Structure formats: structure tokens, C-alpha cells
Amino acid sequence: MLQVSLARLQQGHRTIPYPPQEPALSDRFRGLPLVDAAKCPQGCRDCGEACPTNAITIGEKGPQLDLGRCLFCTDCVQACPEGALRYTQEYRLAARHREDLILEGQPLKLAEALETKSRRLFGRSLKLRQVSAAGCNACEADLNVLNTVVFDLGRFGIQFVASPRHADGIVVTGPVSENMRTALLDTYAAIPSPKLVIAVGACAISGGPYVDNPEVHNGCGSLLPVDLYVPGCPPHPRTILDGLLRILGRLEKKH
């Protein structure tokens, strides 16, 4: 017991001071991708052809980027002959609507708070049931990290629960395979209304690398009404936490 107490004293306070302070991110962190259309050679489609999930298409205004499909790999960056694409340190990526994740030169519209009645219901205590619908365990691992002392999700009144009957909403990861379709729908049905649906990761939003495979449903949006989209492969725990706090009205549009 003495050794445990000494170790705790040596470690000090481990919970991050977020949101009052901005998080310190590694130089290797890949946040919001940006495209400099002015650098794009006319008629060049190298970035779109390199993208493994067709997250990049070439439109009238230049490259159009679908964050819901993006795997945050560097294939497009390496393929661009002019260096028009780059990743930033912007970790705030969650959006309320699927179309908000499709960028064509405009800034990303961050998730807005739930309606007043929903905030009154869920704002101080939000219980979530997580369903891995054929996920690879990367998004699931980053969700689990939120329960550690570093993030301490419980201090915000947010908690993952074992039973959908005790939950206020469902967090979906994975592309939703046909084998998981019934389990996902049954879990959603068991949650009392009103309820939230949160899609975490490219797979849950669009199918990710498995998009249009006949054995998956390209995410949960075709089966459930989604209230929050958190892009990434996997999304950083701070990205997930930021999205959750935004829909609960705990953060301003830009914090």
C-alpha cells in the first residue's frame, strides 16, 4: 500500500486540463486535412486516384474532400506533385450532419449543440452503449482510452454502460457487417426514447476501406438516424471528446 501511495505521489496529477487548456499534440498528429486549390495543376487527378476510399473527387472548384471517407493516410499527400495537400494539428472534426463532412474549399462546420430539450435531458448525465459492428478494434480502443485517468470521461457526466436499457444513446464503430446488422438494430431498439446515435470512425460513417463491399452496410447511417459523426481512422480520443462535449453544449463553436 505504501508503494502504491508513493507511486501516486511521484506521478502527480495525470488528468489532462481539457477543455480549459488546449491539448498538446504530437508533431506526428494528423488532424484536419487541407487542400490548397491554387497549387492544384489543372486536370490533375493524382490525389483522387491514389485515395483508397475515393474520399477525394475533383470538382469545379478543385479537389472535394469527404472527411467521412478519409482514412487519414498519406497516399494523397505523397501523390500530389505540387504539395497541395497537408495535414494540420486541428483535432476538432466532429459534425452533426453527414453533408458537413464534405469539404470543397469551405471551412468545416463543427458540431452544434443538441436542441434545448435534448440538452436538458442529456446535458448533465449521458449514458452510452457502444456497439462494435465489425470494427477492427482501433476506434474501440480510443473510446476505451476515454475512461482512463488521463481523460476521465466521467468528470463530464458521460459514461459507457453495459446494458442498452440503461443507456441514453448508442456509439457505433465498424462498417456494420451483415452479421452485425440485427444485433445493432436490436441494441438500438432496446434503448429508451429519446436516444442518440453517434458514429465514430470512417467505417461507421461510410464503410471506410470496406465501402461498397456486399457484406457491409457502409456504416450505420443507412440503418439508424445519426446525431453525431466523428471522422478518423481511428479518431483521436480528443476528437471524440470534443464532439461529445459540443453536442452537450459544453463548448463554444471554437474553443
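Our subject is the structure that appears above.
Let us look at the structure shown here. (Residues numbered from 1 in each chain as written. Predicted model: local features only at pLDDT ≥ 70, side-chain atom pairs only at ≥ 80, totals over all residues. Heavy atoms only, no water.)

Before going further, it helps to examine the overall build of the protein. Per the secondary structure count, the protein includes eight helices and ten strands. Along the first, second and third principal axes, the C-alpha set of the protein runs to 65 × 45 × 35 Å. Across the 255 residues that make up the protein, the buried fraction comes to 48%. At a minimum sequence separation of 6, the contacts of the protein that also span at least 24 residues come to 75%. For the protein, the accessible area works out to roughly 13200 Å², and carbon and sulfur atoms hold 49% of it. Distance between charge centroids for the protein: 9 Å, based on 28 positive and 26 negative side chains. (Helix = DSSP H or I, 4+ residues; strand = E, 2+ residues; numbered from the N terminus. Buried < 20%, exposed > 50% of the residue type's maximum accessible area, 1.4 Å probe, protein only. Contact = heavy atoms within 4.5 Å. Areas by Shrake-Rupley, 256 points an atom, 1.4 Å probe, with all protein chains shown as cover. Lys, Arg positive; Asp, Glu negative; His and termini not counted. Charge placed at Lys NZ, Arg CZ, Asp CG, Glu CD.)

Attention now goes to the nonpolar core. Grouped together as the largest cluster of nonpolar side chains are 38 residues, with contacts concentrated most on Leu 67, Leu 108, Ile 170, Val 172, Leu 184 and Cys 220. Those elements that place two or more of their residues in this core are strand E4 (85-87), strand E8 (169-173), helix H6 (178-190), strand E9 (196-200) and helix H7 (202-206). In this structure Val 172 touches Val 131, Ala 133, Leu 184, Ile 198, Ala 199, Val 200, Ala 204, Cys 220 and Leu 224, once residues within four positions along its chain are discounted. With 32 residues, the next largest nonpolar core counts Phe 156, Val 230, Leu 245 and Leu 251 among its residues. (Core = buried A, V, L, I, M, F, W, Y, C linked by side-chain atoms within 4.5 Å.)

Pairing is antiparallel across the open sheet formed by three strands, whose spatial order is E2-E3-E5. What marks the edges here is a single partner per strand, and that holds for strand E2 (56-59) and strand E5 (102-103). Strand direction decides the pairing type here: E2 and strand E3 (residues 62-66), joined by four bridges, are antiparallel. Paired with Ile 56 across the strands is Leu 65, a residue of E3. (Pairing = 2+ DSSP bridges.)

This part covers the pattern of salt bridges. The full count for this structure, using the stated rule, is five salt bridges. The residue Asp 66 makes a salt bridge to Arg 98 at a minimum N-O spacing of 2.9 Å. In this pair, Asp 66 is assigned in strand E3 and Arg 98 in the loop between E4 and E5, connecting sequence segments 32 residues apart. A salt bridge links Asp 242 to Arg 246; the nearest nitrogen and oxygen atoms lie 2.7 Å apart. Placement of both Asp 242 and Arg 246 in helix H8 (residues 237-247) is noted, with a separation of four residues, approximately one turn of the helix. Given a relative accessible area of 1%, Arg 246 falls into the buried group. (Salt bridge = Lys/Arg side-chain N within 4 Å of Asp/Glu carboxyl O.)

Taken together, the five strands give an open sheet; going across it, the order is E7-E6-E8-E9-E10, and neighbouring strands pair in parallel fashion. Only two strands of the sheet have a single neighbouring strand rather than two, namely strand E7 (158-160) and strand E10 (228-230). Along the sheet, successive strands turn relative to each other by an average axial angle of 25°, direction set aside. As judged from the five bridges shared by strand E6 (residues 126-132) and E8, these two strands associate in the parallel manner. (Axes fitted to C-alpha atoms, helices over the stretch in contact; angles between N-to-C directions.)

Moving on, we get to unusual backbone geometry. Peptide bonds are, in most cases, trans, and in most cases residues other than glycine have a negative phi. Here the residue pair Tyr 18 and Pro 19 is connected by a cis peptide bond, since its omega of 15° sits within 30 degrees of zero. Mapped onto the elements, Pro 19 comes out in the loop between helix H1 (2-11) and strand E1 (33-35). The step from Ser 193 to Pro 194 runs through a cis peptide bond, and the omega angle for that step is -5°. Here Pro 194 lies in the loop between H6 and E9. At Ala 134, a position not held by glycine, the phi torsion is positive, near 75°. Judged by its relative accessible area of 36%, Ala 134 falls in the partly exposed class. Despite not being glycine, Val 176 has its phi angle at roughly 65°, a positive value. On the secondary structure map, Val 176 appears in the loop between E8 and H6.

Where a strand is regular, its side chains alternate between the two sheet faces. In the sheet, E6 pairs with E7 via three bridges, with the strands oriented parallel. By the bridge assignment, Lys 127 is partnered in E7 with Gln 159.

Right, let's talk about the packing of aromatic side chains for a bit. What describes a pair of aromatic rings is the distance from one ring centre to the other and the angle between the planes of the rings. A full pass over the atoms with the stated rule returns two aromatic pairs. Here the aromatic rings of Tyr 18 and Tyr 91 are separated by 6.2 Å at their centres, their planes lie at 75°, and the arrangement is edge-to-face. Residue Tyr 18 is located in the loop between H1 and E1, and its partner Tyr 91 is located in the loop between E4 and E5; the two are separated by 73 residues in the primary sequence. Classification of Tyr 18 as buried rests on a relative accessible area of 2%. The exposure class assigned to Tyr 91 is buried, which follows from its relative accessible area of 3%. Between the NZ or CZ atom of Lys 195 and the centre of the ring of Tyr 188, over which it lies, the distance is 4.1 Å. (Phe/Tyr/Trp six-rings, centres within 6.5 Å; stacked < 30°, edge-to-face > 60°. Lys NZ or Arg CZ within 6 Å of the ring centre and 35° of its normal.)

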